[in-house]
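Take a look at the letters that make up each chain.
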Amino acid sequence: MDSKYNIVLASNSPRRKELLSGLDLSFTVKVIDGIDESYPSDLPSADVALYVSRKKADAYREAMTKDMLVITADTVVVLDGEVLGKPSDKSDACAMLRKLSGKTHQVITGVCLTTSDKQSAFSVVTEVTFKELTEEEINHYVDTYKPFDKAGAYGIQEWIGYIGVTSLTGSYFNVMGLPVQRIYNELRNF
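Sequence order as written defines residue numbering, which begins from 1 separately in each chain. Note on the predicted model: pLDDT of at least 70 is required for a residue's local features to be given, and 80 or more for side-chain atom pairs to be given and counted; whole-chain, interface and lining totals, by contrast, use all residues. For side-chain calculations, the full set of non-hydrogen atoms in the structure is used, while hydrogens and water are omitted.

**Student:** Whenever I open this one, the side chain of Ser 13 confuses me. Can you help?
**Tutor:** Secondary structure is summarised from DSSP: a helix means a run of H or I of at least four residues, a strand means a run of E of at least two, and numbering begins at the N terminus for each. Here Ser 13 lies in the loop between strand 1 (6-9) and helix 1 (14-21). Using a relative accessible area of 13% as the deciding quantity, one classes Ser 13 as buried. A distance of 3.1 Å separates a polar side-chain atom of Ser 13 from the backbone nitrogen of Arg 16. The buried label applies to any residue whose accessible area, calculated with a 1.4 Å probe on protein chains only, is under 20% of its type's maximum; exposed applies above 50%, and partly exposed to all values in between. For this analysis, a polar contact is any N or O atom pair within 3.5 Å, provided that within protein one partner can donate a hydrogen and the other can accept it, and provided that sequence-adjacent residues contribute only side-chain to side-chain pairs.

**Student:** I keep staring at helix 1 and nothing clicks. Help me out?
**Tutor:** Residues three or four positions apart in an α-helix share a direction because the helix packs 3.6 residues into each turn. Of the residues making up helix 1, those classed as buried are Arg 15, Arg 16, Leu 19 and Leu 20. Down the axis of helix 1, the buried side of the element spans an arc of 125 degrees, and every buried residue falls inside it. The exposed residues of helix 1 that point more than 90 degrees off its buried face are Pro 14 and Glu 18. Residue contacts follow a heavy-atom distance rule, with two residues in contact if any of their heavy atoms lie within 4.5 Å. Buried-residue contacts for helix 1 involve strand 1, strand 2 (27-29), strand 3 (68-79), helix 6 (172-176) and helix 7 (180-189). The residue sitting at the N-terminus of helix 1 and contributing the capping side-chain oxygen is Ser 13; that oxygen lies 3.2 Å from the backbone nitrogen of Arg 15. The directions considered for the arc run from the helix axis to the C-beta atoms.

**Student:** Just checking my understanding: could you explain the side chain of Thr 115 for this structure?
**Tutor:** Within the secondary structure layout, Thr 115 lies in the loop between strand 5 (104-114) and strand 6 (119-130). On the basis of relative accessible area, Thr 115 is assigned to the buried category, the value being 0%. Here Asp 117 takes part through its side chain, which lies 3.0 Å from a polar atom of the side chain of Thr 115. Non-local contacts of Thr 115, meaning those with residues more than four positions away in its chain, are made with Tyr 5, Arg 61, Met 64, Met 68, Leu 69 and Phe 190.

**Student:** Explain helix 7 to me, please; I cannot follow it from the model alone.
**Tutor:** Of all the positions in helix 7, only Val 180, Ile 183, Glu 186 and Leu 187 are classed as buried. Considered in projection along helix 7, the buried side chains sweep an arc of 120 degrees and stay on one side of the axis. Residues of helix 7 that are exposed and point more than 90 degrees away from the buried face comprise Gln 181, Arg 188 and Asn 189. Against helix 1, strand 3, strand 5, strand 6 and helix 6 lie the buried residues of helix 7.

**Student:** So what exactly am I meant to see when it comes to the nonpolar core here?
**Tutor:** Here is a general trend for soluble globular proteins: nonpolar side chains tend to be buried in one another's company. The set of buried Ala, Val, Leu, Ile, Met, Phe, Trp, Tyr and Cys residues whose side-chain atoms join them within 4.5 Å is what this entry labels a nonpolar core. By size, the foremost hydrophobic cluster in this structure holds 42 residues, and its most contacted members are Leu 20, Ile 71, Leu 97, Leu 100, Tyr 154 and Ile 183. Leave out the neighbours within four places in its chain, and Tyr 154 touches Val 77, Leu 97, Leu 100, His 105, Val 107, Val 128, Phe 130, Tyr 141, Pro 147, Ile 160 and Val 175. Ranked by size, the runner-up nonpolar core spans seven residues in total, among them Leu 43, Val 48, Val 78 and Ile 108.

Given below as structure tokens:
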């Protein structure tokens with residue numbers, strides 16, 4: 001797909017870079033450090049990822065040129081209305097995985113495609129179900145994979161996904177952090 005824009009992926013995530021590369025698009029990575037990712041405490045959990053993605057997009061507006069299209073994204077895990085972000089430490093990661101054990105949760109990624117004069121913003125939701133995880137499995141995963149940079153304290157493409165995920169409804173790539181099929185369609189229509 002040819003684009004009249006210089007596409008910029010605004011993310012340090014190696015997974016997002018890998019996924020966007022899979023679309024055979026030419027893009028660069030540019031990251032502004034220190035963007036505030038907080039959100040109002042009364043914001044519905046289903047809206048958090050899109051809210052943060054829009055905040056990230058706004059941080060790039062000053063530096064945008066007319067030919068630039070910036071892709072920002074934020075992913076959250078939601079269990080029974082509670083947003084599980086990135087764990088702060090091992091104890092927090094283990095606690096999150098215990099909560100997810102034996103249950104179905106939603107992975108929501110908010111995405112913004114932003115130019116100097118236009119924005120397309122959307123969220124993609126995937127439902128993921130985990131088997132009952134043992135303490136040994138949780139500790140092995142956290143000790144070995146150190147999922148401290150991952151919403152909900154897990155990466156579906158890692159060991160825990162191989163042994164723990166019993167079903168998935170929606171986009172697998174969304175759970176990895178970037179709903180590339182939807183992004184492709186949005187870019188084609190942009």
